[in-house]
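Listed here are the chains, written in short residue letters.
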Amino acid sequence: MKKNNILAVVLAGGKSKRFGEDKNHVKLGDKTLLEHVLYKINKKFKEILIVSSNSLEIKKENITIIPDCFNDLGPLVGALSSMKWVKENQKPYQWIATFPSDTPFFEILIIEEYKKRIITNESLLYFVKSNNKRHNIFGLWSISLLETLENDIIKNNFRKVEDWANKIGVKTIDIEIKEFDPFFNINTKKDLEKAKVILQDRDD
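Throughout what follows, the structure given in this document is the object of discussion. (Residues numbered from 1 in each chain as written. Predicted model: local features only at pLDDT ≥ 70, side-chain atom pairs only at ≥ 80, totals over all residues. Heavy atoms only, no water.)

## Digging into the overall build of the chain
Then step 1. Counting its secondary structure elements, the chain contains 6 helices and 9 strands.
Then step 2. A compact globule built from 204 residues should have a C-alpha radius of gyration of about 17 Å, and the chain, at 16 Å, falls within 12% of that.
Then step 3. Buried positions account for 51% of the 204 residues belonging to the chain.
Then step 4. Carbon and sulfur atoms provide 44% of the accessible area of the chain, an area that totals close to 10900 Å².
Then step 5. Both charge centroids of the chain, one from 34 positive and one from 29 negative side chains, sit 3 Å from each other. (Helix = DSSP H or I, 4+ residues; strand = E, 2+ residues; numbered from the N terminus. Rg over C-alpha atoms; globule rule 2.2 N^0.38 Å. Buried < 20%, exposed > 50% of the residue type's maximum accessible area, 1.4 Å probe, protein only. Areas by Shrake-Rupley, 256 points an atom, 1.4 Å probe, with all protein chains shown as cover. Lys, Arg positive; Asp, Glu negative; His and termini not counted. Charge placed at Lys NZ, Arg CZ, Asp CG, Glu CD.)

Here it is as structure tokens:
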């Protein structure tokens, strides 16, 4: 991934209100939801940034944990926080790839699609789309969006990723679904039970 200058960013700062407890620590099989995501992207990226103001204990040389630059303002601020971290630490990355921490089954093939999009250079922002649903946290963001994003959050009060992306202009990467939507995220205990069934079916 080095030649394409992409930093993997896991957005793990949600309050998990619908779930009732911090989802980052919830187990699915032998891993937490967060560990499932890290396990997948660790194969594809040399460096991973986790943006979370929650309490996390992960000690790996290639993983850095930072808090949101503004508290409790959602994943849009998580994306901004990661861009600012890149700039402040003079990292060579030109893009960030964002992953939600509560989506254990996502297809890692999207990372190869990200590489292709960088080469074609048709947009500064891409989101994954499956089954006619756009997943606004699975994204490829150009670092050049930093100033615009920061200005829109501070001065124009943007909070929702979807609203800001529509304002900026975003292209989608369409993924074909075969059985279930692998990009679904676990928001509730019911979702977790569904995920357990999926995991069991994969192990059988």
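## Description of the pairing of strand E8 (residues 133-142)
Then step 1. When you tally the buried positions in E8, you get 7 out of 10 residues, the bulk of the element.
Then step 2. As paired elements, strand E6 (residues 95-100) and E8 share 4 bridges and run antiparallel to each other. Among the inter-strand pairings, Trp95 is bridged to a residue of E8, identified as Ser142.
Then step 3. As defined by bridge partners, strand E7 (residues 125-130) adjoins E8 across 6 bridges and the pair is classed as antiparallel. Bridging across to E8, Val128 finds its partner in His135.
Then step 4. In this antiparallel pair of consecutive strands, E7 and E8, the connection spans 2 residues, and Asn131 shows a positive phi of 55 degrees. (Pairing = 2+ DSSP bridges.)

## Focus: the side chain of Asn62
Then step 1. The residue Asn62 is located in the loop between strand E4 (48-51) and strand E5 (63-66) in this model.
Then step 2. A polar contact of 2.6 Å, which involves the side chain of Asn62, links it to the side chain of Asn42.
Then step 3. Among residues more than four places away in sequence, those in contact with Asn62 are Asn42, Phe45, Lys46, Glu47 and Ile48. (Polar contact = N/O pair within 3.5 Å; in protein donor to acceptor, adjacent residues only side chain to side chain. Contact = heavy atoms within 4.5 Å.)

## Focus: the nonpolar core
Then step 1. If you look at the biggest cluster of nonpolar residues, it comprises 28 residues, and the most contacted ones within it are Val10, Ile41, Phe99, Ile110 and Tyr114.
Then step 2. Setting aside residues up to four positions removed in sequence, Tyr114 forms contacts with Ile6, Ala97, Val128, Phe138, Gly139, Leu140 and Ile173.
Then step 3. By size, the runner-up hydrophobic cluster in this structure holds 27 residues, among which are Val77, Leu80, Leu146 and Leu149. (Core = buried A, V, L, I, M, F, W, Y, C linked by side-chain atoms within 4.5 Å.)

## Regarding the sheet that holds E5
Then step 1. The strand order E5-E4-E1-E6-E8-E7-E9 describes an open sheet built from 7 strands, whose pairing is mixed. In this open sheet, the two edge strands, each paired with only one partner strand, are E5 and strand E9 (171-175). Between one strand axis and the next, the sheet turns by 30 degrees as a mean value, whatever way the strands run.
Then step 2. The sheet contact formed by E4 and E5 spans 4 bridges and is parallel. Paired with Ile50 across the two strands is Ile65, which belongs to E5.
Then step 3. Against the sheet, helix H1 (residues 33-42) touches strand E1 (6-11), E4, E5 and E6, its axis set at about 170 degrees to E1.
Then step 4. Against the sheet, helix H3 (residues 109-120) engages E1, E6, E7, E8 and E9, with an angle of about 55 degrees to E8. (Axes fitted to C-alpha atoms, helices over the stretch in contact; angles between N-to-C directions.)

Functional significance is not addressed by these values, which are geometric in nature.
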